[in-house]
Each structure stands twice: as structure tokens, then as C-alpha cells.
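Descriptive structure summary
As a plain string of letters, each chain reads:
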Amino acid sequence: MARVLVVGGGIIGTMHAYLAIAAGHEVVQVDRDLIAQSASVRNFGLVWVSGRAVGAELALALRSRQLWELIGNEVGTIGFRPNGSLTIASNAAEWEVMNRAAAMPDALQRGFELLTFEEVQKIEPALQGNFIGALLCSKDAAVEPELLLTGMRAYLEAAPSYQWIPNFEVVGYENTGSIHTISDINGQKLSGDFLALCAGAAHAGFLSEFLGDAPLRKVHLQMAATVPMPYTLKHSIADGDSLRYYPAFKDLGLHELAPQREVADRYKMQLLLVQRQDGSFTIGDTHEYAEPFTHEIYEEPYKHLQGVISSIFGGGEPAIAKRWSGVYSQVTSSEIYLRKEIAPGAVIITGGGGRGNTLAPAIAEETMLSWKI
């Protein structure tokens with residue numbers, strides 16, 4: 001049995017802890033906060049296979065999707081559901097891109113299927129708006145962000161070989177032979193045989209020694225939750241603008257699409273929508289890439305999203321109950337995410353932002369395989 005240290009209480013760190021426990025090892029997981037408060041609890045909870053790039057990224061996403069279902073069924077308290085998604089075509093140009101997507105060589109792997117307006121209405125009667133059809137992706141899924149980490153933590157804490165230590169802000173790292181030691185701001189030290197540093201968007205501090213030249217950037221986004229809605233959706237929903245933001249569609253004639261609306265272009269927006277267990281919609285999102293990020297929450301993007309939802313659903317604009325923003329770490333190279341070995345058996349894993357929730361189980365599995373434990 002090895003002793004594995006995991007730094008970071010988000011979904012990537014938690015998946016490392018889960019797989020290490022499943023492999024029969026001792027795990028000590030730490031986080032700087034009492035409970036995780038960053039990107040893992042400020043997202044859609046989507047397992048979004050449909051938009052992943054052709055090749056290695058899609059393969060990793062499909063493996064992750066398998067693991068999500070296994071973990072969801074085993075843990076049972078994270079709200080996993082294989083609900084699939086519908087990307088809505090509001091005009092002929094978007095419909096044409098979706099036709100090309102449905103003809104891609106890997107379309108079957110993604111679960112792509114074209115649905116007419118009438119076919120969409122049969123499976124989602126609430127969608128009564130003005131659109132042509134939709135691209136169904138049966139491989140997409142969802143979890144509940146508000147349940148995910150608490151559910152995973154409760155499951156892990158039932159294992160005698162697991163220890164969760166909150167309020168442990170790592171400020172130092174030492175390597176002595178095969179032993180890895182981390183220290184916090186109070187001088188407390190923990191040692192183990194393996195170390196996974198899953199620090200999310202924290203690029204500074206002691207990590208800057210290792211990440212100084214890394215191809216990373218931070219991305220700031222705004223999201224919201226509506227009031228509970230009087231109907232139940234069976235799928236997650238995306239609009240045609242989402243085609244512009246996912247690499248699966250980049251070679252399918254996006255230049256033929258009409259320009260985005262001014263507000264959507266300015267805030268780099270798409271509509272993603274997933275219904276939560278309480279009936280509310282999580283909606284978003286915007287993308288801001290240039291630091292320093294603003295601290296304001298702007299209303300204009302939300303009005304745009306409400307209008308898009310109204311157009312798709314054919315009703316009034318849904319009332320928003322709460323708004324928030326978040327920051328994630330994203331690689332800027334051709335890599336899927338950043339894995340950097342700082343010593344044999346010690347790695348930094350970050351940069352999966354925008355796909356971190358989707359890929360988290362498979363990313364952790366790659367770490368376990370690289371350690372051969």
C-alpha cells in the first residue's frame with residue numbers, strides 16, 4: 001500500500017483520491033478551504049463529450065464518460081444522469097454545420113443524431129420556440145455541482161485509509177529520495193510516497209517555481225441560476241453559438257455562420273443550460289481571458305441569455321434567482337491539460353478548464369497509470 005498525498009479538494013483532486021482509494025492505497029487529501037469553493041462548484045456539472053476535439057481528446061472524454069457512469073452508480077449521491085444534450089439550430093447555417101457534424105467519421109462515438117423541430121418537440125415538449133432542429137448527443141451527461149463534492153467526500157470518508165484535511169494551505173514542497181513532503185502556512189508537514197498537486201487556478205506561490213513558463217492562462221466567466229421551472233427537461237441544452245467554442249466543430253464551416261450578436265461577441269458567449277434537481281436552470285456563460293479580471297457582475301450577458309432561452313422555449317424570459325462568477329485554469333498549447341512532473345512520483349495537474357469536469361476521472365486515471373500503482 002502506497003501513501004498518496006492529494007492537494008486540492010476540487011473534482012480533479014477528488015478523482016485522484018477516489019481512484020487511489022479504489023486501488024487500495026492510503027490517501028491524505030488537503031485543501032486550503034473548509035470546503036472546495038472554486039471552479040468545481042461554480043460550473044454546469046456537465047460531462048460534455050459532444051464538443052471534444054477529434055482524436056486523443058475525444059478518446060479521453062469517452063473514457064471519462066465511462067468512469068463517470070461507474071462512479072455515479074457506485075457513489076450514488078452525486079446526481080449523475082446520462083441525460084444527453086440538444087444543440088439547437090436557430091437558422092439554416094447552424095443546421096448545415098450540424099449536418100456536417102452528424103456525418104463526421106466519429107459521429108457514432110459521440111452519439112450524434114439530427115432531429116427535426118417536430119422530433120425535438122416529441123422528446124422535449126417544453127421547447128416550443130422558433131428553431132429548425134437540433135443535434136442530439138446521447139453521450140453527454142450531467143452531475144449536480146452542489147452534491148458532487150459532498151457526496152464524493154462522504155463516500156471517501158467511509159474508507160479507513162482516507163483522510164480529509166481542510167484549511168491546509170500548501171506553501172512548500174520538498175523531495176527526499178522517494179518521499180514527498182508538503183508544508184502549510186502554519187508549518188505543519190505531511191509526507192507520502194506519491195503527490196498529486198491539483199491546484200486549479202492557483203498558479204502563484206510555491207507553484208510558480210514549477211509553472212513559470214507553463215502554457216497556462218486563467219479564464220473568468222459569469223453564470224446564473226433561474227427560479228425553478230414548471231416542467232422537466234430530459235436533456236441539457238446548448239444554442240448554435242456553442243458550435244463556435246468547441247473544437248469538434250472547428251473544421252465544419254463555421255465561417256459560414258452569421259456574426260454573433262454584439263453582446264454575445266463582446267462577452268464571448270454561448271448558451272449552456274442544464275436543469276438541476278430542484279427544477280432551476282443553471283445557465284451561462286461568458287469568457288474573459290485578459291487579466292486583471294473585473295470584479296463586477298454585468299447584467300447585459302444575462303439579459304442576452306434570457307432572450308435566447310425565450311426564443312428556444314417560446315415563452316417568457318425565465319427569472320434569475322442568483323448570479324455568480326468563477327475562474328478556471330486553461331492550457332494554451334495543443335495539450336489537453338497540463339501534467340508536469342516535478343520529481344518522480346510528484347505531478348502538478350491543471351489547465352483542464354472548460355473541460356475539467358468532463359475529463360476529471362480519466363485525467364486521474366492517467367496519473368495512476370503513470371505511477372503504476
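Refer to the preceding data block for the structure.
Model, not experiment: these values are computed from the prediction.

This paragraph deals with the overall build of the protein. When you go through the protein residue by residue, the secondary structure sums to ten helices and 19 strands. Taking 21 Å as the expected radius of gyration for a compact globule of 373 residues, we find that the protein reaches 21 Å, a close match to that expectation. Taken along the three principal axes of its C-alpha coordinates, the protein extends 65 × 40 × 40 Å. Burial status across the protein gives 58% buried among its 373 residues. Across the protein, the fraction of contacts at a sequence separation of at least 24, relative to all contacts at a separation of at least 6, is 73%. When the accessible area of the protein is evaluated, it comes to approximately 15,500 Å², of which 53% is carbon and sulfur surface. Computing the positive centroid from 29 side-chain charges and the negative centroid from 41, the protein places the two 1 Å apart.

Taken as a whole, this structure holds ten aromatic pairs when the rule is applied. Seen from their ring centres, Tyr-18 and Tyr-155 are 5.9 Å apart, and the 35 degrees between their planes marks the pair as tilted. Remark: Tyr-155 occurs in helix α6 (residues 145-157) and Tyr-18 occurs in helix α1 (residues 11-22); sequence separation between them is 137 residues. Arranged with centres 6.3 Å apart and planes meeting at 20 degrees, the rings of Phe-112 and Phe-249 form a pair that is stacked. Placement of the pair is Phe-112 in strand β5 (residues 112-116) and Phe-249 in the loop between β14 (236-238) and α8 (262-266), with a sequence separation of 137 residues. According to the relative accessible area criterion, Phe-112 is buried, its value standing at 11%.

Reading guide: rules and limits
The numbering scheme is per chain: residues are counted from 1 as the chain's sequence reads. For this predicted model, a pLDDT threshold of at least 70 governs which residues receive local features, and a threshold of 80 or more governs which side-chain atom pairs are given and counted, while totals over whole chains, interfaces and linings are taken from all residues. The basis for the side-chain values is all heavy atoms of the structure; hydrogens and waters are excluded. Every helix listed is a DSSP run of H or I at least four residues long, and every strand listed is a run of E at least two residues long, numbered separately from the N terminus. Each radius of gyration is computed over the set of C-alpha atoms, and the globule rule expresses the reference value as 2.2 Å times the number of residues to the power 0.38. In this scheme, a residue with accessible area under 20% of its type's maximum is buried, one over 50% is exposed, and one in between is partly exposed, where area comes from a 1.4 Å probe on protein chains only. By the convention used here, residues are in contact when the closest approach between their heavy atoms is within 4.5 Å. Every accessible area reported is derived by Shrake-Rupley at a probe size of 1.4 Å, with residue values counting cover from the shown protein chains alone. His residues and chain termini do not enter the charge count, which takes Lys and Arg as positive and Asp and Glu as negative. Throughout, a charge is located at the NZ atom of Lys, the CZ atom of Arg, the CG atom of Asp or the CD atom of Glu. Put simply, two rings from Phe, Tyr or Trp (the six-membered ring, in Trp's case) pair if the centres are within 6.5 Å, and we call them stacked under 30 degrees between planes, edge-to-face over 60, tilted for the rest.

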